[in-house]
Amino acid sequence: MSKLTELLDILDGIGLEGFKSNDADRLRLVETTKKLLSRVQTKEERLFDITFSQPIVFSALQTLTDLRLWPQWEANRGGPKSVQELSELCTPKCEANLLRRLLRLLASVHIITETSQDHYELTHLPLGDMWQWIQCRTHHWGPGCNNLPSFLAKNGYREPHDTQYTNYMDWCPGKLDFFGKCVADPAYQDSFSGFMTGWARYKVPWPEFYDTKSLVDGADLSNGGALCVDIGGHHGIDLTRLLDKHPDIPAGSLIVQDLPEVLIGAKDMNEKIKAMPHDMFKPQPVKGSRAYYFHAVFHDWPDSVATEILKNVAAVMKKGYSKVLIVDIVLPPTGASDIQSTMDG
Ligand SMILES: C[S@@+](CC[C@H](N)C(=O)[O-])C[C@H]1O[C@@H](n2cnc3c(N)ncnc32)[C@H](O)[C@@H]1O
């Protein structure tokens, strides 16, 4: 056996299950694999992938999302199915041969597996509730990214700091900004919420890298005081994680604040967490909390606006007691990852 064949066999045998206890190693392998691809693909292959293959693959994913195939297939355990059987799972109906062509495309990029001729298995990408990520691109990221080059040209290639004239407003009918569009259209809110929920689940829970014990131990909750206000907290996943670590935290001392249209979706939140509609650009109603927490909030705003948000919190903090906790992506001076640099949007 040649050295290359041996190496390919080893690589073929590697799977997620081998990395259960070591995510850092898994991420190193992912990065090395991406670098390897960038070295061994020709420029035609690389550009074909970026410019032609990726948009078409995405269109196939959106079409199968529209046909509600993913949840149906998963309800059937995602096991191998014939094209004919899969076409019967679609609503509305889809011609079997059209479906065959879409499935073949997704198998060719290893999103599903072709188990035999005209049979496919849902192995690599069980979407679960994450089909909203696909919808989110169609609603938000897709039109935004298509518009960005012309927006930047119109804007004289200056960094876009003006919140009254954003790229999103430039393409969005009615000139709504991102959160304005979410408020105006529940489907757009749902797809963004689906994205946020899936993304938040992927991240390391904050009590694993922050000493929440000293936060909780040092809190005075005797007169119904607040322990933690999660501002722009979406559906309260970070407060849920705090509760998971400290189940004795009393009810009502954890408060998630967000726009009312967002909190409507926080249906399954632990009942100890209080949902409080609040616009973070208005004065903060919860005074003297032990902590005011922001996760993935400031990366949405230019510094001048972030300062406004923080001033509303500073005005109600108790000296020597309250803390501001910020969890966000910090771009390193060199070697930013693709996740870090794309979030800098
Ligand atoms: C990127 S998300 C982060 C959500 C959550 N903290 C997390 O990390 O999963 C930003 C959040 O800010 C909220 N938001 C936007 N504008 C707001 C405002 N004016 N007042 C309060 N929340 C706002 C959004 O609805 C959204 O839930």
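Residues numbered from 1 in each chain as written. Predicted model: local features only at pLDDT ≥ 70, side-chain atom pairs only at ≥ 80, totals over all residues. Heavy atoms only, no water.

> Just checking my understanding: could you explain the overall build of the chain for this structure?
Helices and strands together make up the secondary structure of the chain, namely 15 helices and eight strands. A principal-axis box enclosing the C-alpha atoms of the chain has dimensions of 70 × 50 × 45 Å. Going through the 345 residues of the chain one by one, you find that 36% of them count as buried. Working note: accessible area of the chain is about 20700 Å², and carbon and sulfur atoms make up 57% of it. Distance between charge centroids for the chain: 3 Å, based on 36 positive and 44 negative side chains. (Helix = DSSP H or I, 4+ residues; strand = E, 2+ residues; numbered from the N terminus. Buried < 20%, exposed > 50% of the residue type's maximum accessible area, 1.4 Å probe, protein only. Areas by Shrake-Rupley, 256 points an atom, 1.4 Å probe, with all protein chains shown as cover. Lys, Arg positive; Asp, Glu negative; His and termini not counted. Charge placed at Lys NZ, Arg CZ, Asp CG, Glu CD.)

> I tried to follow the packing of aromatic side chains on my own but got confused; where do I start?
Given two aromatic rings, one states the distance between the centres and the angle between the planes to describe the pair. Counted according to the given criterion, the structure contains 19 aromatic pairs. Ring geometry for Trp141 and Phe195: centres 5.3 Å apart, planes at 75°, overall edge-to-face. Of this pair, Trp141 sits in helix H7 (residues 131-154) while Phe195 sits in helix H10 (residues 186-202); the two residues are 54 residues apart in sequence, bridging distant segments of the chain. Assessed through its relative accessible area of 31%, Trp141 is described here as partly exposed. (Phe/Tyr/Trp six-rings, centres within 6.5 Å; stacked < 30°, edge-to-face > 60°.)

> Can you help me understand the layout of surface pockets in this one?
Rolled over the atoms, a probe with the dimensions of a water molecule shows which regions are left empty. There is about 360 Å³ of room inside the second largest pocket. In this structure, the second largest pocket is lined by 17 residues; those nearest its centre are Gln189, Asp190, Ser193, His235 and Gly265. Among the elements of the structure, H7, helix H9 (178-184), H10 and helix H13 (260-263) are those that each provide at least two residues to the lining of the second largest pocket. Here the residues of the lining of the second largest pocket sort into six nonpolar, seven polar and four charged. Of the domains in this structure, domain 2 (129-202) and domain 3 (206-327) are the two that each give at least three residues to the lining of the second largest pocket. (1 Å grid on protein atoms, 1.4 Å probe; cavity = no way out; pocket = protein on both sides within 12 Å on 5 of 7 lines; lining within 4 Å. Points joined across faces, edges and corners; volume = space filled by probe spheres on them. Nonpolar A, V, L, I, M, F, W, Y, C, P; charged D, E, K, R; others polar. Domains from an automatic or database assignment.)

> Is there a simple way to explain the sheet that holds strand S8 (residues 323-327) in this structure?
Strand pairing in a sheet is mediated by backbone hydrogen bonds. Such pairs are either parallel or antiparallel. Here five strands make up an open sheet; going across it, the order is S6-S5-S4-S7-S8 and the pairing parallel. Only two strands of the sheet have a single partner each, and these edge strands are strand S6 (273-277) and S8. Across the sheet, the mean angle from the axis of one strand to that of its neighbour is 20°, orientation sign disregarded. Sheet topology note: the strand S4 (residues 228-231)/strand S5 (residues 254-258) ladder contains four bridges and is parallel. Counterpart to Val229 in the pairing with S5 is Ile255. Helix H12 (residues 237-245) rests against S4, S5, S6 and strand S7 (291-295) of the sheet, and its axis sits at about 170° to S5. (Pairing = 2+ DSSP bridges. Axes fitted to C-alpha atoms, helices over the stretch in contact; angles between N-to-C directions. Contact = heavy atoms within 4.5 Å.)

> I tried to follow the site of the ligand on my own but got confused; where do I start?
Gly232, Asp258, Asp279, Met280 and His295 are the nearest of the 16 residues found near the ligand. Coverage of the ligand by the protein chains reaches 97% of its 600 Å² of free accessible surface. Split into classes, the residues belonging to the shell around the ligand amount to eight nonpolar, five polar and three charged. Counting the residues that make up the shell around the ligand, at least three belong to each of domain 2 (129-202) and domain 3 (206-327). (Near = heavy atom within 4 Å.)

> Even after reading the chapter, I still don't get the pattern of salt bridges, so can you show me in this structure?
Any two side chains of opposite charge can pair, given that their charged atoms come close. Per the stated rule, a full pass over the model turns up nine salt bridges. One salt bridge in this structure joins Arg26 and Asp23, with 2.7 Å as the shortest N-O distance. Of this pair, Arg26 and Asp23 both sit in helix H2 (residues 23-40), three residues apart, roughly one helical turn. By relative accessible area, Arg26 is classed as buried at 17%. (Salt bridge = Lys/Arg side-chain N within 4 Å of Asp/Glu carboxyl O.)

> Sorry, what's going on with the pairing of strand S2 (residues 113-116) here?
Consecutive side chains along a regular strand alternate between the two faces of the sheet. In the sheet, S2 pairs with strand S3 (residues 119-121) via three bridges, with the strands oriented antiparallel. By the bridge assignment for S3, Ser116 is matched with His119. Linking two consecutive strands that pair antiparallel, namely S2 and S3, is a turn of two residues; a positive phi of about 65° is found at Asp118 within it.

> Explanation requested: the environment of Lys43 in the structure shown.
Here Lys43 is to be found in helix H3 (residues 43-66). Residue classification places Lys43 among the exposed residues on the basis of a relative accessible area of 63%. In this structure, the C-alpha to C-alpha distance between Lys43 and Leu106, residues 63 residues apart in sequence, is 22 Å.

> Sorry, what's going on with the domain arrangement of the chain here?
Interface size, as often reported, equals the accessible area lost upon joining of the parts. Each assigned domain of the chain is listed here: domain 1 (3-128), domain 2 (129-202) and domain 3 (206-327). Once you take the C-alpha centre of each, domain 1 and domain 2 turn out to be 26 Å apart. Facing the eleven residues of domain 1 at the interface are eight residues of domain 2. In total, about 840 Å² of surface goes out of reach between domain 1 and domain 2, with carbon and sulfur atoms giving 61% of it. There are zero salt bridges connecting domain 1 and domain 2. (Buried area = accessible area lost by both parts, 1.4 Å probe.)

> What is the right way to read the sheet that holds strand S1 (residues 81-82) from this model?
Pairing is antiparallel in the open sheet, where three strands are placed in the order S1-S3-S2. Each having just a single partner strand, S1 and S2 make up the two edges of the open sheet.

> What is the right way to read the nonpolar core from this model?
The nonpolar side chains of soluble globular proteins are, as a tendency, buried together. In terms of nonpolar packing, the biggest core is built from 25 residues, with Trp70, Leu103 and Ile112 touching the most fellow members. Those elements that place two or more of their residues in this core are H3, helix H4 (69-75), helix H5 (83-89) and helix H6 (96-108). Aside from chain neighbours lying at most four places away, what touches Trp70 is Leu61, Leu64, Thr65, Leu106, Ile112, Leu122, Leu127, Trp131 and Ile134. Leu239, Met269, Ile273 and Tyr321 belong to the second largest nonpolar core, which has 20 residues in total. (Core = buried A, V, L, I, M, F, W, Y, C linked by side-chain atoms within 4.5 Å.)

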